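Examination of the molecular architecture
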Amino acid sequence: MKKMKKKELRTIDITNLQTRDGTDSEPIKITGYAAVFNSKTSIGDWFTEAIAPGAFSRSISENDIRALFNHDWDNVLGRTKSGTLYLTEDERGLKFEIELPNTTVARDLAESMKRGDINQCSFGFVPVEEEWDYSVEPALRTLKDVDLFEISIVSLPAYDDTEASVVRSKEIDKEVEKRIKLLKQIKELLKDE
């Protein structure tokens with residue numbers, strides 16, 4: 001009897017979330033990283049998990065993936081099949097860009113993100129290939145290949161290294177990047193104290 005794999009969800013902090021204000025001709029966009037490679041997180045104090053580079057590549061080339069708000073299938077923000085969700089892997093992780101629909105949910109989400117109230121991301125998947133290391137405590141699970149079915153902008157993360165933001169003009173983006181770098185430097189200095 002073949003064991004059925006269960007869908008899993010992972011939530012990640014997206015501190016560098018960006019939105020771009022929409023115009024009459026362009027929608028509001030959200031960009032960021034739904035997952036960061038080799039970033040370890042604790043899964044319910046049962047085990048530690050990390051994502052290997054390339055874990056999403058097969059899935060994003062084969063599957064029709066949705067972007068949701070809070071894992072709610074009634075709140076679809078974008079979709080790869082329709083060209084409103086763009087997913088790519090780079091050296092850092094699973095990068096996304098969502099062209100938000102002109103809906104109340106999407107406009108409210110963009111406003112909450114601009115205020116900094118929502119800045120985290122999550123993804124839903126079924127593991128296809130995983131590697132376990134039981135020589136460490138807690139055990140380390142490395143996701144090597146997954147069937148990704150959704151990414152979500154959410155309120156609570158599992159992985160702290162994710163990021164998402166509303167995209168603005170290029171000048172504002174550069175200014176935001178400078179501030180983010182400065183904040184990271186300050187955080188590092190505070191850790192050392």
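Below or above, wherever it landed, is the structure these notes cover.

Bringing the overall build of the chain into the picture now. Scanning the chain from N- to C-terminus turns up 3 helices and 12 strands. Of all 193 residues assigned to the chain, the portion counted as buried reaches 44%. For the chain, restricting intrachain contacts to residue pairs at least 6 apart in sequence, the fraction spanning at least 24 positions comes to 71%. In the form shown here, the chain has an accessible surface area of approximately 11200 Å², with 50% of it arising from carbon and sulfur atoms.

What follows is about the pairing of strand β7 (residues 72-79). One ladder, built from 4 bridges, connects strand β6 (residues 66-69) with β7; its direction is antiparallel. Note that in β7 the partner of A67 across the bridge is G78. The hairpin formed by β6 and β7 contains 2 residues between the paired strands, and N70 there has a positive phi angle of roughly 55°.

Counted by the stated rule, this structure contains 11 salt bridges. With its nearest N and O atoms 3.0 Å apart, the salt bridge here joins R58 to D145. Of this pair, R58 sits in helix α1 (residues 57-62) while D145 is found in strand β11 (residues 140-154), placing the two residues 87 residues apart along the sequence. The partly exposed category is assigned to R58, whose relative accessible area is 24%. A salt bridge links R66 to D64, with the nearest nitrogen and oxygen atoms 3.4 Å apart. Note on R66: relative accessible area 22%, which makes it partly exposed. Among the charged side chains, a network of salt bridges with common partners joins R58, E62, D145 and D147.

Before going further, it helps to examine the environment of N38. Locating N38 in the fold gives a position in the loop between β3 (29-36) and β4 (41-43). Residue classification places N38 among the exposed residues on the basis of a relative accessible area of 55%. The sequence separation of N38 and L143 amounts to 105 residues, and the corresponding C-alpha distance is 9.6 Å. Once residues lying within four places of it in the same chain are set aside, the contact partners of N38 are A50, I51, A52 and P53.

Counted by the stated rule, this structure contains 6 aromatic pairs. Their ring planes at 85° and their centres at 5.5 Å tell us that F56 and F123 sit as a pair that is edge-to-face. Separated by 67 residues along the polypeptide, F56 in the loop between β5 (47-51) and α1 and F123 in strand β10 (residues 120-133) bring together distant segments of the chain. Accessibility classification places F56 together with F123 in one group, the buried group. Each ring, one from W132 and one from Y134, has its centre 5.7 Å from the other, and the planes form 5°; the classification is stacked. On the basis of relative accessible area, W132 is assigned to the partly exposed category, the value being 31%. For Y134, a relative accessible area of 63% puts it in the exposed group. Taken together through their ring pairs, the aromatic side chains of F37, F56, F123 and F125 make up a single cluster. Across from the ring centre of Y33, 4.7 Å away, lies the NZ or CZ of R92, which sits over that ring.

Analysis parameters
Per chain, the residues get numbers from 1 upward, laid out in the order the sequence is written. Residue-level local features of this predicted model are given only where pLDDT is at least 70; pairs of side-chain atoms are given and counted only at 80 or more, and the full residue set underlies all totals for whole chains, interfaces and linings. As a convention, hydrogens and water are excluded, and side-chain values are obtained from all of the structure's heavy atoms. The helix and strand labels rest on DSSP assignments: H or I over at least four residues marks a helix, E over at least two residues marks a strand, and numbering proceeds from the N terminus. Each residue is assigned to one of three classes by its accessible area relative to the maximum for its type, calculated with a 1.4 Å probe on protein chains only: buried under 20%, partly exposed between the two thresholds, exposed over 50%. Between two residues, a contact is recorded if the distance between any of their heavy atoms is within 4.5 Å. Where accessible areas are quoted, they stem from the Shrake-Rupley method and a 1.4 Å probe; at the residue level, only the protein chains shown are allowed to cover. For two strands to pair, DSSP has to find at least two bridges joining them. Salt bridge, as used here: a side-chain nitrogen of Lys or Arg that lies within 4 Å of a carboxyl oxygen of Asp or Glu. When the centres of two rings from Phe, Tyr and Trp lie within 6.5 Å, Trp using its six-membered ring, the rings pair. Their planes under 30 degrees apart give stacked, over 60 give edge-to-face, and anything left gives tilted. To sit over a ring, a charge needs its Lys NZ or Arg CZ within 6 Å of the ring centre and within 35 degrees of the ring normal.

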